[in-house]
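# Architecture and fold: a report
So the chains spell out like this:
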Amino acid sequence: MIFPDRLRQLREESGLSQRQLADRSGLSLAIIRFYEYGKSGPPGYSLFHLADALHVSMDYLYGRTDRRDVD
C-alpha cells in the first residue's frame, strides 16, 4: 500500500489537512479520505491533480520511483 501512505505522508509534510488538500487539488474531501484509507485507487486525472498540489511527480506519489522531483 504505497500510494495511501505516500499521500498521507506528503499531505502531512506540507502541513495540509485533508480538507485543504481537497481544496488545493480540486477533488472532494471524501475522495481524499478514500485514497488515504486505501479504499480506492486514483484514476489518472486524480493522480495528476494530487501530484500537482503536492509538488511531486505522479510516479513518486504512486510509488513507481523514489525520486520526488518532477521532470
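Report follows, based on the coordinates. Owing to the predicted nature of the structure, the values given are computational and were not obtained by experimental measurement. (Residues numbered from 1 in each chain as written. Predicted model: local features only at pLDDT ≥ 70, side-chain atom pairs only at ≥ 80, totals over all residues. Heavy atoms only, no water.)

### Quick word on the packing of helix α1 (residues 2-13) against helix α4 (residues 44-54)
A pair of packed helices is characterised by two quantities: the angle between their axes and the separation of those axes. Here is the rule we go by: Angles shown run from 0 to 180 degrees and are taken between the N-to-C directions of axes, each axis being a line fitted to C-alpha atoms and, for helices, limited to the stretch in contact. For the purposes of this entry, the term helix denotes a DSSP run of H or I that reaches at least four residues, the term strand denotes a run of E that reaches at least two, and both are numbered from the N terminus. We call two directions roughly parallel when the angle between them is under 35 degrees, roughly antiparallel when it is over 145, roughly perpendicular when it lies between 65 and 115, and oblique otherwise. Less than a right angle of anticlockwise turn of the near helix away from the far helix marks a crossing as left-handed, whereas a clockwise turn marks it as right-handed. By definition, residues are in contact when any of their heavy atoms lie within 4.5 Å. Three classes are used: nonpolar for Ala, Val, Leu, Ile, Met, Phe, Trp, Tyr, Cys and Pro, charged for Asp, Glu, Lys and Arg, and polar for all others, with Gly counted as polar.
With their axes 10 Å apart at the nearest point, α1 and α4 run at an angle of 30° to one another. Judged by the angle between their axes, α1 and α4 are roughly parallel. Seen along the crossing, α1 lies across α4 with a hand that is left-handed. Taken together, the residues of α4 that come into contact with α1 (itself represented by Phe3, Leu7, Leu10 and Arg11) are Leu47, Leu50 and Leu54. A breakdown of the residues in the contact of α1 with α4 according to their chemical character gives 6 nonpolar, no polar and 1 charged.

### Digging into the pattern of salt bridges
So the rule is basically this: For this analysis, a salt bridge means a side-chain nitrogen from Lys or Arg found within 4 Å of a carboxyl oxygen belonging to Asp or Glu. Note on exposure labels: buried denotes an accessible area under 20% of the residue type's maximum, exposed denotes more than 50%, and partly exposed covers the range between, all computed with a 1.4 Å probe on protein chains only.
This model, assessed by the stated rule, comprises 8 salt bridges. In this structure, the salt-bridge partner of Asp66 is Arg6, at a minimum N-O distance of 2.6 Å. Here the residue Asp66 occupies a position in the segment after α5 (58-62), and Arg6 occupies one in helix α1, the gap between them amounting to 60 residues. With relative accessibility at 66%, the residue Asp66 sits in the exposed group. Between Asp69 and Arg67 there is a salt bridge whose closest N-O contact spans 2.7 Å. Residue classification places Asp69 among the partly exposed positions, given a relative accessible area of 40%.

### Side note on the packing of aromatic side chains
Test applied: Here a pair means two rings of Phe, Tyr or Trp (six-membered ring of Trp) with centres within 6.5 Å. Their orientation is stacked below 30 degrees between planes, edge-to-face above 60, and tilted elsewhere.
The final tally for this structure, using the stated rule, is 2 aromatic pairs. Both rings, one in Phe3 and one in Tyr35, keep their centres 5.8 Å apart while their planes meet at 70°; by these two values the pair is edge-to-face. Taken as a pair, Phe3 in helix α1 and Tyr35 in helix α3 (residues 29-36) lie far apart in primary sequence, 32 residues in all. Overall, the relative accessible area of 3% leaves Tyr35 in the buried class. Ring plane angle 40° and centroid distance 5.9 Å describe the contact between Phe3 and Tyr62, whose orientation is recorded as tilted.

### Comments concerning α4
Our working definition: The directions considered for the arc are those from the helix axis to the C-beta atoms.
Buried within α4 we find Ser46, Leu47, Leu50, Ala51, Ala53 and Leu54. The arc that holds the buried residues of α4, viewed along the axis, is 160°, so those residues lie on one side. Exposed side chains of α4 directed beyond 90 degrees from the buried face belong to Tyr45 and Asp52. The secondary structure elements touched by the buried residues of α4 are α1, α2 (18-25), α3 and α5. His55, located one to two residues past α4, shows a positive phi value of around 60°.

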